[in-house]
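Below, each chain spelled out in residue letters.
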Amino acid sequence: MNDPAAPVPGKANELQTRIIVGILLIGVALLAGYFGGMLLWLLAVLMSLGIMSEWAGLTGRRDKRLMAMYALSVPLAIMSPWAAGPSFLALGLILGAAMFVAVFDRSIKLAAGVIYAGLPALAVLYLREIDKGILVMLWTLALVWATDIGAYFSGRAIGGPKLAPQYSPNKTWAGLVGGVILTAALSFALHVHWGLSFYMVLLSIPLAVLAQMGDLFESWLKRKAGTKDSGTIFPGHGGVMDRLDGLIPVAPVVALIMLVDSWPTLS
């Protein structure tokens, strides 16, 4: 007789694959973030183009996917260390590329994807270049990871009321709270050991919620498109958007905060 409490082999293998791939992706991101320069730019380009491709598929514009990716390639090229880098010029070109796509496609759906895919790449590259950029960028990435991990495990362990069943049937309020708590704890550890401003620790709480909102937004897109994942490139994780849905809104907000001098910064 099968033990009902025993783990289901398929589920166990899926979780194992998810953990291994997740660790590898985090390792790649940390290495690129540490070295910065061309390596980080290449990773940002791949990230951005992957998001653009999947956005086109989710919004029913797969036939115009390459056109949108070519348009986005112009601002991405300008962000290169060999060009202007992450600058207001690159921001202007992202908006210009979006306008071009909107006119060419006669729709704002695909054009919105250019902004959705381009802004996080610009933000990550900008954060790496500011004072104490490694710490700020690490914190930005870590808070998104912590939110995702905390929400996943606390949601599975506790369950309870659904967060937004009309968008994502699996996310719970317990998962949201667990993600926020783990994010705040990790940010506090960075404050104690690496000198992250305590204001940033407090800021990690609404940013963790924002990361979850980014996750819900992508879930809504997938539900409208009638698909489980945005792609299949990462075993156990799905597509690029599945992996970066929290970072997409968080990175630009953190970059904007760091850009405005009046906000408290790292001590």
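Computed from a predicted structure; not experimentally measured.

1. Brief notes about the packing of aromatic side chains
What describes a pair of aromatic rings is the distance from one ring centre to the other and the angle between the planes of the rings. Enumeration according to the criterion identifies seven aromatic pairs in this entry. Centre to centre, the rings of Y116 and F217 are 5.9 Å apart; their planes meet at 55 degrees, and the pair counts as tilted. Linking Y116 in helix α5 (residues 108–129) with F217 in helix α8 (residues 198–225), this pair joins segments that are 101 residues apart in sequence. Through a chain of ring-to-ring contacts, the aromatic side chains of W55, Y116, F217 and W220 assemble into a single cluster.

2. Regarding the pattern of salt bridges
Counting across every chain of the model gives six salt bridges. D148 is the partner of R243 in a salt bridge, and the nearest nitrogen-oxygen pair spans 2.6 Å. Placement of R243 in helix α9 (residues 240–244) and of D148 in helix α6 (residues 133–158) is noted, with a sequence separation of 95 residues between them. Among the residues examined, D148 registers a relative accessible area of 22% and is labelled partly exposed. One salt bridge in this structure joins K222 and D242, with 2.8 Å as the shortest N-O distance. With a gap of 20 residues between them, K222 in helix α8 and D242 in helix α9 connect regions that are remote in the sequence. One network of salt bridges, in which partners are shared, links R61, K64 and D105.

3. Some remarks on the packing of helix α4 (residues 88–105) against α5
Put simply, α4 and α5 touch, their axes get as near as 8 Å, and they point 165 degrees apart. With respect to α5, the axis of α4 lies roughly antiparallel. Of the two elements, α4 crosses α5, and the hand of that crossing is right-handed. Residues A90, L91, I94, L95, A97, A98, V101, A102 and D105 of α4 touch α5, and the partners they reach there are L110, A111, V114, I115, G118, L119 and L122. Residue composition of the contact of α4 with α5, by class: 14 nonpolar, one polar and one charged.

The rules behind the values
- Residues numbered from 1 in each chain as written.
- Predicted model: local features only at pLDDT ≥ 70, side-chain atom pairs only at ≥ 80, totals over all residues.
- Heavy atoms only, no water.
- Phe/Tyr/Trp six-rings, centres within 6.5 Å; stacked < 30°, edge-to-face > 60°.
- Helix = DSSP H or I, 4+ residues; strand = E, 2+ residues; numbered from the N terminus.
- Salt bridge = Lys/Arg side-chain N within 4 Å of Asp/Glu carboxyl O.
- Buried < 20%, exposed > 50% of the residue type's maximum accessible area, 1.4 Å probe, protein only.
- Axes fitted to C-alpha atoms, helices over the stretch in contact; angles between N-to-C directions.
- Parallel < 35°, antiparallel > 145°, perpendicular 65-115°, else oblique.
- Left-handed = near helix turned anticlockwise from the far one by under 90°.
- Contact = heavy atoms within 4.5 Å.
- Nonpolar A, V, L, I, M, F, W, Y, C, P; charged D, E, K, R; others polar.

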